[in-house]
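Here are the chains, one letter per residue:
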Amino acid sequence: MSNTDFVLAVEDLTVSFDGFKAIDNLNLYLDRGELRVVIGPNGAGKTTLLDLICGKTRASAGSIKFKNQEMTSLPEHMIVRAGIGRKFQTPSIYENLSVFKNLEVSFPRGRGVFGALGFKCDDEVRNKVMEVAEMIGLSDRLELESGLLSHGQKQWLEIGMLLMQDPELLMLDEPIAGMSARERELTADLLLRICKNRSVIVIEHDMAFVSRIAHKVTVMHQGKILAEGSMEKVQADPKVIDVYLGH
Ligand code: ADP
Ligand code: MG
């Protein structure tokens, strides 16, 4: 396909594990600034799709273009550098370090405007930490040891660590699992703020949460796309009710 305005274009993507197609000829197009939610029953291939986009799993066939650049042959760190950040289900923060330090160490090395000029570089990193801490609602917890944060705050910190790298596409796998009702609300607000400057893909099961954040919903089933569109449209789709929402 020729160049497009899509930030992400996934075409004819397939991955087989010992002959089993976990992703089966899938096409997905994401706009800049779009927040897409992917839903579907367990085993539908949602996590595998993110694994393929971030390079953790290699495609058997098909194409993944990010800003018109092919990603399928790139190593994981090059995909990160291209601007794709991915949050896994279990948080991987440094529990014994402060919130500030966790954010600081996530700033990409060698990318600062001031390069080797130490003190100015420090200022640049500090400003970024402050900006991200504000975004994730942890400005007043900067000196706290991260292990002492609530479960929800740890999840936000990990999102913050990804934001330190300014990804143009952020992918989150079940970010509100285990969160309180209040933390879920705050996470919805956070994701809506985040997608003002970048594209976001979220995998989630909680339908109240999905309807609050999704621009569009993609429903997966058996490695394929079953339905796609507005929340209202997919919720009313008999196929979706049959394989997913009806249970
Ligand atoms: P979901 O996230 O939608 O619940 P997954 O993407 O985790 O589903 O899994 C889709 C299917 O692919 C499942 O049947 C799972 O067992 C299988 N699968 C995922 N990763 C691997 C792997 N590395 N090797 C073999 N099978 C896998
Ligand atoms: Mg999964």
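Residues numbered from 1 in each chain as written. Chains lettered and ligands numbered in written order. Predicted model: local features only at pLDDT ≥ 70, side-chain atom pairs only at ≥ 80, totals over all residues. Heavy atoms only, no water.

## Here's the deal with the overall build of the chain
Then, in step 1: The helix and strand inventory of the chain stands at nine helices and ten strands.
Then, in step 2: At 19 Å, the chain has a C-alpha radius of gyration in line with the 18 Å of a compact globule built from 247 residues.
Then, in step 3: Projecting the C-alpha coordinates of the chain onto the three principal axes gives extents of approximately 55 × 40 × 35 Å.
Then, in step 4: Put simply, the chain has 247 residues, and 51% of those count as buried.
Then, in step 5: For the chain, the share of sequence-separated contacts (at least 6 apart) that also reach a separation of at least 24 residues comes to 68%.
Then, in step 6: If you sum the accessible surface of the chain, you get close to 11,900 Å²; carbon and sulfur atoms cover 51% of it.
Then, in step 7: Considering the chain, the positive charge centre built from 29 side chains and the negative charge centre built from 34 side chains are found 2 Å apart. (Helix = DSSP H or I, 4+ residues; strand = E, 2+ residues; numbered from the N terminus. Rg over C-alpha atoms; globule rule 2.2 N^0.38 Å. Buried < 20%, exposed > 50% of the residue type's maximum accessible area, 1.4 Å probe, protein only. Contact = heavy atoms within 4.5 Å. Areas by Shrake-Rupley, 256 points an atom, 1.4 Å probe, with all protein chains shown as cover. Lys, Arg positive; Asp, Glu negative; His and termini not counted. Charge placed at Lys NZ, Arg CZ, Asp CG, Glu CD.)

## So, the sheet that holds strand β9 (residues 216–221)
Then, in step 1: Spatially, β6-β7-β8-β3-β9-β10 is the arrangement adopted by the six strands of the open sheet, whose pairing is mixed. Looking at which strands have only one partner, the edges of the open sheet turn out to be β6 (84–87) and β10 (224–229). Shown here is a sheet whose adjacent strand axes are inclined to one another by a mean of 20 degrees, direction ignored.
Then, in step 2: Relative to strand β8 (residues 199–203), strand β7 (residues 169–173) runs parallel, the two sharing five bridges. When the bridges of β8 are listed, Leu169 appears paired with Ser199.
Then, in step 3: Sheet strands in contact with helix α5 (residues 151–163) are β6 and β7, and its direction is about 165 degrees off that of β6. (Pairing = 2+ DSSP bridges. Axes fitted to C-alpha atoms, helices over the stretch in contact; angles between N-to-C directions.)

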